Each structure stands twice: as structure tokens, then as C-alpha cells.
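Fold and contact review
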Amino acid sequence: MTDDAPPTFQPSRKPDPYKETGKYAALWKWARRLVILGLVLGVIGIIAVWVYFAALGRDVPSISKLKQYEPPITSRIHAGDGTLIAEFADQHRVFVPYESIPPHVVQAFVSAEDKNFFTHDGLDYTGMARGGLNTVKNKLSGSGGMEGGSTITQQVAKNMLLTNDQNLERKAKEAIVAQRMEKEFTKEQIIELYLNEIYLGGRSYGVASAALNYFDKSLSELDLAQAATLASLPKFPGRVNPYTNPERVLQRRDYVLQRMLEDGYISKEEMDEAKAQPLTTVKRLRGPEFAATTYFVQELRRELIKSYGEDTLEQGGLSIRSTIDTRLQLAAQDALQTGLIAYDRRHGWRGPLTTLPVDDNSAEALKEVELPGGYGSWEAALVTSVSDKGAELLLTDGAKIRLPGDEVKWAATYKPAEGKAGLQKGHVILAEFKREASKDGAKATPETTTTEEGTDEATAEDAPAEPVMVPVGNATLRQVPEVDGSIIALDPHTGRILAMQGGYSFFKSSFNRATQAKRQPGSSFKPFVYAAALEKGYTPASRLLDAPFVSFDVSTQKYWTPKNYTAGQSYGMVTMRVALEKSLNMVTARMAQDIGMPAVSDLSERLGVYEKLPPYAAMSLGAGDATLLDLTRGYAAFVNGGRLVTPSLLDRVQDRYGRTLYKHDTRICEGCDADDWNGGEPPVLPDTRQQVLDPIVAYQVTHMLEGVVERGTARRALRVGKPLAGKTGTTDDYRDAVFVGFSPDLVVGIRIGFDDNRSLGEGEAGGSVAGPIFTDFMEKALEKEPPTPFRIPPGVRLVKINAQTGALATPGTAIVIDEAFRPGTEPGLTAFNSSEDCLSISGSCGPSSDTTTPVEEDTANADLGDVF
């Protein structure tokens with residue numbers, strides 16, 4: 001290039017200080033690379049999240065399950081009079097559709113759990129972000145678990161389709177399911193699922209169940225304060241419990257009310273009024289009817305499980321209408337317990353529960369004493385001083401009460417092998433007494449309330465007062481009877497079991513002695529023998545020989561020699577009526593031999609007392625084991641005209657949709673459509689019961705059993721003042737005392753005895769032990785019933801006869817009685833008696849094959865004339 005050549009063009013460039021100096025060259029370079037990498041990773045992350053959620057979406061449960069929502073529902077048992085007596089449930093739940101849920105209940109839960117429920121798409125993004133931050137804090141500090149800010153929709157997804165696992169995968173699935181639910185269901189359907197599924201403590205699943213359990217109210221009956229109380233429970237159902245932590249519940253309730261105000265659901269006045277309401281809860285199924293029906297309910301439960309399975313009973317929402325009458329059940333329980341206590345008291349005091357030192361700590365120590373099962377309302381008491389005039393007792397609350405001198409005297413029957421007899425200082429006993437509200441004041445229970453300014457702890461002076469219950473009057477010394485028994489009452493026309501008490505107390509023993517115990521009926525079986533004889537041609541006026549009787553059993557090579565209750569005493573020739581009224585064993589055994597024991601066995605099997613009764617001679621005096629229910633069922637045929645009834649605990653069973661699964665009365669009623677009824681005579685239902693005994697024979701037995709009450713071994717029942725019939729029974733060595741009796745529309749069986757089959761004691765017979773229980777029960781059962789006479793079937797001839805001889809009455813007859821005959825069998829006409837000569841002469845008309853000798857109860861009259 002020469003000097004004259006033009007210069008080369010160089011563009012102007014602003015100097016780059018960084019490039020020139022090289023100070024930030026590397027940093028700038030890496031920054032650009034990181035931005036590019038971040039963008040790439042972000043795209044990859046979004047794709048990965050999309051892929052992850054897509055994969056989870058294929059793995060989450062289908063929401064179609066929610067469209068056929070059939071949750072476990074409580075099965076409920078009602079008595080025949082409509083009283084709720086029991087519930088069975090894995091999860092105590094009553095399903096209520098959205099339309100039946102009051103708006104203020106829905107609003108309370110929405111304000112408490114998810115205020116934007118009706119506007120969001122299933123997720124609360126702000127809440128999720130807040131929950132995520134709190135989760136990080138909790139993990140770093142180690143002070144808690146995950147928080148997710150779940151909406152009501154997410155809670156439904158978790159509770160019904162997912163698990164409770166605390167991890168990100170479950171939360172992701174929850175979000176997916178929630179959004180799918182929002183697309184498939186309306187908000188009303190989602191809140192319906194939520195309110196019926198959510199657990200609210202106290203065995204309560206769903207709001208309807210909680211309303212019943214905590215307040216004994218239906219949802220429609222809940223006030224605002226109660227609705228807010230329920231809405232306060234979902235977060236911490238274990239800790240926020242109205243029974244165990246009412247103060248915390250009140251705090252949460254008032255918080256919910258404040259939220260409802262802020263959300264515009266209620267006014268300030270409504271909030272203040274609701275906050276002023278006290279927290280008042282109830283404990284359902286704790287009344288006397290619940291305790292009294294326990295044996296019945298458990299028997300019913302076994303039957304339902306056998307028929308429908310335990311899962312259906314516990315989860316299927318069955319509506320069960322039982323046969324029990326709660327008024328009669330309470331009367332049966334009271335009569336049985338009173339009778340058992342009376343027997344037990346006759347046999348003396350068995351001593352203290354334990355002993356404790358008498359000092360300043362006695363009341364606290366007394367609280368730790370374990371009481372025997374079945375103590376009921378009785379309380380533990382410590383004897384602090386004792387004399388012949390009485391004793392002073394210390395109670396668990398520090399109060400004192402006096403035990404009268406008569407009770408101290410009764411306690412003297414306790415005579416241990418070693419040590420001092422009777423009541424002693426330091427003895428811990430059971431005592432019965434009354435408590436009343438103190439007139440001197442009441443204790444106050446502090447309550448916690450929440451105000452707009454914060455939480456305040458109320459003082460005792462500000463709290464509502466609860467009455468202090470103090471003992472009044474004198475105490476009675478008590479002990480839970482060792483002896484036990486049962487009573488059962490049923491409708492003789494339908495077989496409906498109206499009362500069943502299987503023991504002194506279910507809390508003493510759950511064994512149901514009415515249905516599970518097979519024991520000898522003793523002389524209460526004799527009416528079946530006499531009924532078989534009437535079928536063979538005997539009449540109530542037939543004359544029979546009461547004299548020593550011996551039967552030889554060729555199979556055992558032993559002699560059977562039954563004797564009357566008054567051993568060594570016999571009455572010669574007596575009528576069948578007198579033999580039954582006086583319960584003469586020798587007459588019964590001789591008559592059973594004459595007609596043949598197979599006839600007796602056949603009749604008892606036809607009437608449902610036995611499935612198979614061996615035709616041994618001793619069976620005529622009640623040596624065959626039978627349940628009290630079956631024995632009572634057999635008596636029903638005497639009063640209902642000879643029809644067989646099937647005892648039933650159930651009237652009807654329906655499923656959750658109201659479909660009938662079972663009904664006791666299966667008859668078809670023609671013309672029973674109310675819309676077609678013209679006001680005329682009501683339709684007559686067919687009688688489908690099996691005729692197992694001639695109605696005339698059934699009435700003849702009933703008529704004779706009336707005489708047992710009027711003149712025989714059951715005369716204590718005359719106190720009832722209504723037409724009654726029945727028969728006492730006492731087994732060998734006084735092991736069991738039995739009474740089965742009836743009115744025209746109620747048959748009752750009672751059996752008393754020790755579970756180990758030991759003797760009740762000399763003289764403790766059916767008339768003196770079981771008879772008073774029957775009388776007490778019938779007085780209550782029939783107190784409002786008119787004195788209805790027993791129904792006389794067509795064909796019966798009532799003829800006046802000589803009560804002592806059985807012959808036709810004449811103008812000079814001293815004692816006349818109306819006796820029941822089949823036409824043509826009256827005295828003076830055919831006077832048919834197939835074996836009078838045999839019985840009066842030989843005293844032995846057939847084989848016998850048993851050596852057991854049941855003993856009959858007290859024959860209250862020494863000579864025959866006193867029977868009349």
C-alpha cells in the first residue's frame with residue numbers, strides 16, 4: 001500500500017468496559033447459560049408434572065363409586081310401642097338427603113371448613129399455598145405434619161376414595177379427584193356426600209347421627225347454636241368432644257358463629273343469641289327402657305345375624321320393629337328383681353365386699369372398690385361406726401348416711417368361720433338410698449367463652465350452677481342376689497314376645513335363662529298330663545284315687561314311688577279338678593300310667609313344649625328338661641283355644657329403602673284397601689294357626705287352672721283381682737321354683753333357681769318363690785285392663801256339680817261349682833270314665849320306666865274340704 005492510497009473504513013464502536021477489563025466476562029456468560037437452562041428445565045418440569053399427573057390420573061379411583069353411594073347405615077330396633085331400644089352399627093350413621101338438611105346446618109359447615117365452597121372449582125389455591133408453607137415450617141421445626149388447605153370437595157375425595165396417608169402423592173391424587181368431582185357432581189351433591197360421611201366423634205358418622213347422639217334431635221330440630229357445635233367438630237373430633245371437653249367445644253362453636261357472621265349467613269343479633277346458649281348434651285339409649293330390654297335385644301341380635309348376617313345388621317340400615325312392650329318389660333324386670341331380692345334376703349347377709357381402714361382417705365379409697373355386676377343404682381358405703389341401734393355410713397363423695405337398726409340386725413345373719421359376725425367398722429357394703437338436690441346451694445361449673453376480643457375463662461361465679469345431689473333419709477343394706485331366674489310374657493294368640501328378662505341383670509350375667517336354660521318344669525307340667533287324659537275321655541269331674549303308687553321299671557330294675565308334697569298324706573278319691581288344684585303327684589302319676597305316657601309325650605310335643613319327650617313315667621311330674629319359653633308357649637294353647645303359636649321377637653324387618661324383608665303376620669287380607677272400604681264391617685282375616693288341641697279340652701284345662709288360683713297353690717295371685725289361671729311347679733330337692741299363668745290375653749312364665757342347680761332351700765317352692773313374682777307382674781300388666789273373663793268355645797256345657805264328689809249338684813249340696821263338659825259327658829248322663837275302676841282298685845294300669853321323683857310345691861291345705 002502506498003502513502004497515496006485511501007484509508008480503509010473502520011466502523012465506530014462504543015467501548016465495552018466489561019470486555020475491555022474482562023472483570024464480569026465469565027459471570028455474564030454463565031448467567032446467560034443458566035437462564036437458558038432454567039427455561040429448558042422449566043419446560044421439562046412442566047412436561048414431567050403433566051406426565052406425572054396424567055399417570056396419577058389413570059391410577060386414582062373412579063368417582064363412579066360415589067354415584068352409587070351406599071354408606072354403612074345404623075340398624076335401629078324399635079319396640080312394639082315405637083320406643084327406640086337399640087342400634088347396631090359399625091359406623092353410626094343416618095343418611096339424610098340434601099333437601100332435608102336445614103340451610104343453617106349447611107352454612108355452619110361451609111363457614112367452618114370451606115367458605116368459598118360454592119364458588120371454587122374444587123381447589124383452594126391460596127389455601128394450598130398457605131398449607132405448603134406451613135408444611136415446610138412444620139418439617140423444619142419438627143412440630144407437626146403436612147397441611148394441605150383442603151376444600152370440602154377434597155375432604156370428600158380423601159374420606160371416600162383415598163387414604164389418610166400424609167404424603168405428596170396422596171395430596172396430588174386428592175386434587176385430581178376433587179376437580180373431576182366438580183365436573184361430574186353439583187355442589188349440592190358434594191355437600192350431601194360430605195355431611196353424611198364425615199366423622200364427628202362420639203361414634204357419630206354424618207351430621208344426622210351426631211345430632212341424635214349429642215342432642216337426641218333430628219337435623220330439622222337443631223337450632224343455630226347446635227348446628228355450629230356440630231360444625232366445630234370435624235377438625236379435631238377426638239379432642240373437641242362435647243362429652244369430654246365441653247369448654248373447647250364452646251370455643252370452637254363461637255368461632256364458627258363468628259365466621260358465619262363474617263360470611264353473611266347470620267346477623268349480629270343471631271350470633272349473640274346463639275353464643276348465649278349453654279352447651280347441653282344428652283346420652284341416648286341410657287334410659288330405663290334401654291337397660292331393661294338388654295336380654296331381649298341380645299336374643300334378637302342373635303336371630304337377626306342368623307337370618308341376615310352380621311354385616312347386614314351392622315351396616316345395612318335395617319329398620320326393625322320388635323314385639324316387646326316397654327311398659328311390660330319394665331314391669332317384668334322390676335317384678336323379677338324384687339322377687340330375687342326377697343328370696344335372697346330370707347337367706348341372710350353374705351358379708352362385706354371388702355374392708356378398708358377408717359381414716360381421712362377413706363372416701364377416696366372407697367372410689368376404687370370394684371362393685372359386683374348388677375349393682376344398678378346402689379352405691380358403695382363404708383361403715384364408720386356401728387351399734388345395735390344402727391350404723392353410720394361414709395359415701396364416695398364424703399357424705400354420710402344412717403343405716404337403721406333393723407338392717408344391722410339383718411346383717412347379724414352373716415357368720416364367717418373366723419372373725420366377728422355381723423356388720424363391723426371398716427366393712428364396705430352396698431347401700432340403697434335416695435339422693436335429692438341440695439337446698440343449701442349448688443356447685444358451679446366454669447365455662448370457656450370466645451368473644452370478639454379473644455378467649456376468656458369464665459369464673460365459677462359466672463358459670464351456670466349444677467345442683468348437688470345429697471343423700472336423704474336412711475339407707476338399706478343390699479347385696480346382689482346369688483340366685484337367678486327369668487320371666488317371659490307373650491301374647492297367646494300371636495306368639496309375640498312382649499317381655500323377656502333372662503336374669504337378675506345383664507351386667508351380672510349375660511346368659512339368658514328364658515331361652516338358653518333347659519331345666520325341669522316340675523308340677524307346672526301337670527296340665528299337659530291332664531289335657532292328655534281329657535283327650536282320652538276323662539272329665540274334670542272324674543274321680544281318681546290319691547293313694548301310694550309304685551311302678552317298676554324293667555329296664556332299670558328299680559321301683560318308682562312318687563309321693564305328694566305333704567309326704568305320707570293322701571286324700572283317697574278326688575276329682576280331677578281337686579287333684580290339679582292341690583297338685584297331687586300320686587294321682588298324676590297313676591293317671592299318666594293309665595292313659596299311657598306316649599299320649600302325654602305326643603300332646604306336649606304337639607303344643608311345642610318338647611321336640612321329643614321320652615315316655616317315661618317320671619316325665620309326667622315334669623322331669624324332662626325344657627326352656628321356659630317353650631313351657632310358656634305350651635300354656636298359650638290352653639288359653640287361645642288349642643292353637644299352636646310360634647314365639648316371635650320380630651313384627652317386621654325392612655331394608656334401608658323400606659322394602660319388607662320379614663313380617664310376622666303373613667296372612668293376606670282380602671278387601672283391606674282403605675280406599676275401597678265403604679264403612680261397613682271390617683274384613684275378617686283367616687286364622688292360619690295350626691289346631692293342635694281340641695278347643696273344649698283347652699277350655700277345660702283353663703277352667704281347672706282358674707281353680708288353682710282361686711283355691712289351690714297359686715292363691716296369692718287372687719290379689720290381682722282379675723280372671724287368672726296358672727300352675728306352680730317345684731322340682732326335686734327344691735332346685736327350681738316355677739310358675740306359669742295367664743289372663744285371657746297374656747301368658748307368663750317364671751323360673752327361679754341357682755345356675756349351679758343347688759337347692760333353693762327347704763320350703764322354697766313355686767308358690768312361695770315364683771308365685772309372688774307372677775302376682776307383682778300381673779298387677780302392673782293388667783292395672784288398666786278390664787276384668788275380662790276367659791272365652792268359652794262353642795260346644796262347652798257348664799254344669800253345676802258337687803265340688804267334692806263330682807256328682808250332679810242337688811238342692812242339698814253344700815259346695816257347688818260350675819264345671820265344663822263336652823256335651824254327653826256330664827255326670828248322670830254318659831258319665832264316661834275310662835279307667836275309674838282301674839285307678840280305684842288296682843292302682844296300677846300300665847308299665848313305667850323312670851326312677852326320678854320330682855317333688856311338688858306347698859299344698860296349703862291339710863284336708864280336702866279346705867280346697868273349696
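Since the model is a prediction, treat every value here as computed from it, not as a measurement.

To continue, consider helix α11 (residues 246-262). Taking 1.5 Å per residue as the helical rise, α11 with its 17 residues ought to reach 24 Å, and the 24 Å between its terminal C-alpha atoms agrees with that figure. Those residues of α11 that sit buried are V249, L250, R252, R253, D254, V256, L257, Q258, R259 and M260.

We now examine the side chain of Q700. Looking at the element boundaries, Q700 is found in helix α24 (residues 695-710). In this structure the side chain of Q700 is engaged in a polar contact, spanning 3.1 Å, whose partner is the backbone oxygen of A820. In contact with Q700, other than residues within four places in its own chain, are L534, P540, A820, F821 and R822.

This brings us to the pattern of salt bridges. Throughout the structure, instances matching the rule amount to 42 salt bridges. Among the salt bridges present, the one from K400 reaches E392, with a minimum N-O distance of 3.7 Å. Residue classification places K400 among the exposed positions, given a relative accessible area of 53%. D694 is the partner of R822 in a salt bridge, and the nearest nitrogen-oxygen pair spans 3.4 Å. Of this pair, R822 sits in the loop between β28 (816-821) and α26 (836-841) while D694 sits in the loop between β23 (660-663) and α24, and the two are 128 residues apart along the sequence. Given a relative accessible area of 30%, R822 falls into the partly exposed group.

Of note, R496 is situated in the loop between β14 (484-490) and β15 (497-501). Classification of R496 as buried rests on a relative accessible area of 19%. At 2.8 Å, the side chain of R496 forms a polar contact with the side chain of D651. If near-sequence neighbours (up to four positions away) are discounted, R496 is found in contact with G80, S322, T323, A489, L490, D491, S648, D651 and H664.

On the basis of which strands lie adjacent, the open sheet formed by five strands has the order β15-β14-β26-β25-β24 and antiparallel pairing. Only two strands of the sheet have a single partner each, and these edge strands are β15 and β24 (725-730). Within this sheet the neighbouring strands show an average axis-to-axis angle of 5°, counted without direction. As paired elements, β14 and strand β26 (residues 746-753) share seven bridges and run antiparallel to each other. Looking at the pairing, G485 lines up with I752 of β26.

So, on to the sheet that holds strand β1 (residues 75-78). Within the open sheet, the five strands sit side by side as β2-β1-β5-β22-β23. Their pairing is mixed. Of all strands in the sheet, those with a lone pairing partner are β2 (84-88) and β23, marking the two edges. Along the sheet, successive strands turn relative to each other by an average axial angle of 15°, direction set aside. Pairing of strand β5 (residues 319-322) with strand β22 (residues 650-654) involves four bridges; the strand directions are antiparallel. Bridge pairing in β22 links S322 to L650.

Time to look at a negative patch on the surface. Residues D223, E269, E270 and E273 make up a contiguous surface patch of negative charge. Within the secondary structure, E269 sits in helix α12 (residues 268-275).

What follows concerns the environment of E392. The residue E392 is located in strand β8 (residues 390-395) in this model. When its relative accessible area of 32% is taken as the criterion, E392 is described as partly exposed. Expressed as a C-alpha distance, the spacing of E392 and A475, which sit 83 residues apart in the sequence, is 9.6 Å. Those residues in contact with E392, other than ones at most four positions away along the chain, are L382, V383, T384, S385, K400 and I401.

Rules used throughout
Residues numbered from 1 in each chain as written. Predicted model: local features only at pLDDT ≥ 70, side-chain atom pairs only at ≥ 80, totals over all residues. Heavy atoms only, no water. Helix = DSSP H or I, 4+ residues; strand = E, 2+ residues; numbered from the N terminus. Expected span 1.5 Å × (residues − 1). Buried < 20%, exposed > 50% of the residue type's maximum accessible area, 1.4 Å probe, protein only. Polar contact = N/O pair within 3.5 Å; in protein donor to acceptor, adjacent residues only side chain to side chain. Contact = heavy atoms within 4.5 Å. Salt bridge = Lys/Arg side-chain N within 4 Å of Asp/Glu carboxyl O. Pairing = 2+ DSSP bridges. Axes fitted to C-alpha atoms, helices over the stretch in contact; angles between N-to-C directions. Patch = residues over 30% accessible without salt bridge, like charges linked within 9 Å, V, L, I, M, F, W, Y side chains within 5 Å. Areas by Shrake-Rupley, 256 points an atom, 1.4 Å probe, with all protein chains shown as cover. Lys, Arg positive; Asp, Glu negative; His and termini not counted. Charge placed at Lys NZ, Arg CZ, Asp CG, Glu CD.

Function-wise, these values are silent; they only describe arrangement.
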